[in-house]
Amino acid sequence: MKATLNRKAFVSALSACGCAIGKKTTIPILAYVKILIEKHENWNTCTISNTDLDVWIDNTVPVLAFSGDTIEICVLPSIMQKFLASSKAENVDLEYMAGVPESDEIPCIPGKLKLAAGGSISLGTMPTENFPVLPEFGGETYPVINLLETNSKAWIEMTSKVCYAVSDEENRFTLPGFLLEVSDKVRMVATDGHRLAILERGLLPSGNKPDSLIPMRVYKHLKKILGKSDIPMTVMRTKHVTADYLIVVAGDLILVSRLLTGNFPEYKRVLTNYDMKPAVADASKLIDGIDGVRHCADDKSHVIKIEFNSTSARFVAESPEKGKAELDVECLTGGTHGVTVGFCYDYVLDFLRSLPVNDVVHIRCGKKAEKAGVGAWEFKSQADPGLTGIIMPMRLA
């Protein structure tokens with residue numbers, strides 16, 4: 001078998017599939033990618049696949065020239081990537097030399113894959129018999145539900161605005177991901193128990209669909225693979241014997257991931273009773289205020305105090321070891337006038353940095369927070385009304 005591919009497209013596909021390789025896998029075959037080069041009626045394709053048993057990634061690139069029979073082999077991707085990254089050739093030639101199967105007289109001799117792109121390199125291969133097989137979907141038994149039609153740029157932008165609030169605690173199985181709700185609108189929700197990030201969009205949903213708890217790894221993989229691309233994207237889900245799966249199709253990329261199981265927290269409880277007139281301030285000024293005092297905050301709690309006055313908000317950070325810092329920021333305080341509250345500054349900064357450039361933020365608390373000094377606070381974007389952050393305050397000494 002001989003095949004010619006565009007070098008950059010081949011390297012890009014290898015890099016995409018490399019996202020699914022586990023860093024500390026105990027199953028040797030999972031360190032490999034599967035390469036399938038096959039003929040079609042009017043074109044030839046090379047499909048590169050990899051999995052860590054939670055995520056499957058397939059990426060297909062066109063084959064410019066092909067001779068011989070369809071071939072399916074497993075190869076270590078790291079060596080190929082290093083070789084091809086150092087090459088400046090436009091194309092790469094692949095040639096597979098079959099090995100010798102095991103017999104009574106001789107042990108198995110694996111096949112070799114030769115790559116030529118300026119220089120050349122020969123790599124050992126593995127048979128594909130032990131490579132994990134993706135469960136089959138579709139049909140009446142395991143129907144595929146179309147959740148959302150969008151594009152890669154919009155998906156990355158939406159998920160980036162909520163995934164900062166995803167929990168990184170491995171033992172909390174319902175939280176290391178975000179919730180996708182599809183009805184007459186699209187809503188994404190993430191929480192780590194201390195804060196909540198919500199984004200709503202009026203994309204093209206078609207009726208009520210099952211809620212999907214999407215793992216954080218899906219966001220990370222797609223952000224790394226798709227980057228700033230802007231290509232059509234379809235998000236689907238299906239059920240299988242052992243788990244529910246999310247299926248993402250974006251151009252020649254197919255990503256399949258197990259969905260998280262369990263119940264997402266009842267987040268709607270903290271979305272009511274924000275009826276006071278909000279404080280209004282430029283997001284950039286609030287960021288400057290926090291940056292100006294946080295160097296004096298406690299190293300463990302990262303708490304800062306915000307005092308809402310008549311025309312400003314005073315940011316105060318204090319610790320016995322570092323002293324005290326204060327900074328006033330121009331702010332129309334509205335109903336929050338006279339209220340003092342403490343926040344972990346990381347939580348506030350994460351929300352503010354998710355806002356559009358030159359945005360204005362509306363801040364208000366519920367009646368419980370206003371009277372007792374406890375309870376959730378709402379942070380809302382003015383430029384993007386569908387973007388909301390809910391942050392729990394911290395007790396002040």
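Residues numbered from 1 in each chain as written. Predicted model: local features only at pLDDT ≥ 70, side-chain atom pairs only at ≥ 80, totals over all residues. Heavy atoms only, no water.

### Points about the packing of aromatic side chains
Using the following cut-off: Pairs were defined over the aromatic rings of Phe, Tyr and Trp, the Trp ring being its six-membered one, requiring ring centres within 6.5 Å. Orientation was assigned from the angle between planes: stacked under 30 degrees, edge-to-face over 60, tilted for the rest. Runs of E in the DSSP output that reach at least two residues are strands. Runs of H or I that reach at least four are helices, and both are numbered from the N terminus. Throughout, exposure labels follow a simple rule: accessible area from a 1.4 Å probe, protein chains only, divided by the maximum for the residue type, with under 20% read as buried, over 50% as exposed, and the rest as partly exposed.
Counted under the stated rule, the structure contains eight aromatic pairs. For the ring pair Phe308 and Trp377, a centre distance of 5.8 Å and an interplane angle of 10 degrees mean the geometry is stacked. Of this pair, Phe308 sits in strand E19 (residues 303–308) while Trp377 sits in strand E24 (residues 377–381); the two residues are 69 residues apart in sequence, bridging distant segments of the chain. Residue classification places Trp377 among the buried positions, given a relative accessible area of 1%. Seen from their ring centres, Phe343 and Trp377 are 5.8 Å apart, and the 90 degrees between their planes marks the pair as edge-to-face. In this pair, Phe343 is assigned in strand E22 (residues 340–344) and Trp377 in strand E24, connecting sequence segments 34 residues apart.

### Thoughts on the side chain of Ser49
Worth spelling out the cut-off: A 3.5 Å cut-off defines polar contacts: any pair of N or O atoms within that distance qualifies, except that in protein one atom must be a possible hydrogen donor and the other a possible acceptor, and neighbouring residues in sequence count only when both atoms are side-chain atoms. By definition in these notes, contact holds between two residues if any of their heavy atoms fall within 4.5 Å.
Assignment of secondary structure puts Ser49 in strand E3 (residues 44–51). On the basis of relative accessibility, which here comes to 8%, the residue Ser49 falls in the buried class. In this structure the side chain of Ser49 is engaged in a polar contact, spanning 2.7 Å, whose partner is the side chain of Asp58. Non-local contacts of Ser49, meaning those with residues more than four positions away in its chain, are made with Cys17, Val33, Lys34, Ile57, Asp58 and Phe131.

### Points about the confidence of the model for the protein
Using the following cut-off: How sure the predictor is of each residue is captured by pLDDT, a score from 0 to 100.
The predicted model of the protein averages 87 in pLDDT, with 91% of residues at 70 or higher. When the elements of the protein are averaged for pLDDT, helix H7 (residues 367–372) gives the smallest value, 54, and helix H6 (residues 345–352) the largest, 96.

### Quick notes on unusual backbone geometry
Phi is positive for His302, close to 55 degrees, though the residue is something other than glycine. Looking at the element boundaries, His302 is found in the loop between helix H5 (283–293) and E19. Judged by its relative accessible area of 22%, His302 is partly exposed. Despite not being glycine, Asn358 shows a phi value in the positive range, around 60 degrees. Here Asn358 is to be found in the loop between H6 and strand E23 (360–365).

### Overview of helix H4 (residues 216–226)
Where H4 is concerned, the buried positions are Met216, Val218, Tyr219, His221, Leu222 and Leu226. Taken from the residues just after H4, Gly227 is the one with a positive phi, measuring 55 degrees.

### Description of H5
We count it as follows: It is the directions from the helix axis to the C-beta atoms whose arc is reported.
Listed as buried for H5 are Ala283, Leu286, Ile287, Gly289, Ile290 and Val293. Along the long axis of H5, the arc covered by the buried residues comes to 160 degrees, so they all point the same way. Elements that come into contact with the buried residues of H5 comprise strand E18 (279–282), E19, strand E20 (312–319), strand E21 (323–330), H6 and E23.

### Remarks on the packing of helix H1 (residues 7–18) against helix H2 (residues 77–85)
As a reminder, the rule being used: Only the stretch in contact is used when fitting a helix axis, every axis being a line fitted to C-alpha atoms; angles between N-to-C directions are given from 0 to 180 degrees. We call a crossing left-handed when the near helix sits turned anticlockwise from the far one by less than a right angle, and right-handed when that turn is clockwise. By the convention adopted, Pro, Cys, Tyr, Trp, Phe, Met, Ile, Leu, Val and Ala count as nonpolar, Lys, Arg, Asp and Glu as charged, and the other residues, Gly among them, as polar.
Their axes nearest at 10 Å, the elements H1 and H2 cross at an angle of 145 degrees. Considering the relative orientation of H1 and H2, their crossing is left-handed. Across the interface between the two elements, Arg7, Phe10, Val11, Leu14 and Ser15 of H1 pack against Pro77, Met80, Gln81 and Leu84 of H2. Partitioned by chemical class, the residues of the contact of H1 with H2 number six nonpolar, two polar and one charged.

### Side note on the side chain of Ser212
Looking at the element boundaries, Ser212 is found in strand E14 (residues 212–215). Taking the relative accessible area as the measure of exposure, Ser212 reaches 1% and is therefore buried. At a separation of 3.0 Å, a polar atom in the side chain of Ser212 contacts the side chain of Arg237. Filtering out sequence-adjacent residues up to four positions away, Ser212 remains in contact with Leu147, Phe178, Leu179, Leu180, Arg237 and Leu259.

### Some remarks on the pairing of E21
What counts is decided by this rule: Two strands make a pair as long as DSSP finds a minimum of two bridges between them.
As paired elements, E20 and E21 share eight bridges and run antiparallel to each other. Paired with Ser312 across the two strands is Glu330, which belongs to E21.

### Description of the pairing of strand E9 (residues 119–124)
Bridge analysis of strand E8 (residues 112–117) against E9 gives six bridges, and the strand direction is antiparallel. Bridge pairing in E9 links Lys114 to Ser122. Turn length for the E8-E9 hairpin, with the two strands adjacent in sequence and antiparallel, is one residue, and the turn residue Gly118 shows positive phi of about 85 degrees.

### Topic: the environment of Phe178
With respect to the element layout, Phe178 can be found in strand E11 (residues 177–182). Judged by its relative accessible area of 0%, Phe178 falls in the buried class. Once residues within four sequence positions are removed from consideration, Phe178 is found in contact with Trp155, Thr159, Cys163, Val166, Met188, Val189, Ala190, Ser212, Leu213, Ile214, Pro215 and Tyr219.

### As for the sheet that holds E19
Pairing within the open sheet is antiparallel, and its four strands lie in the order E21-E20-E19-E22. The sheet is open, and its two edges are formed by E21 and E22, each paired on a single side. On average, each strand axis in the sheet is inclined to that of its neighbour by 25 degrees, with strand direction left out of account. Along the sheet face, H5 touches E19, E20 and E21 and points at about 170 degrees away from the line of E21. Its contacts with the sheet put H6 on E19 and E22, and the angle it makes with E22 is roughly 80 degrees.

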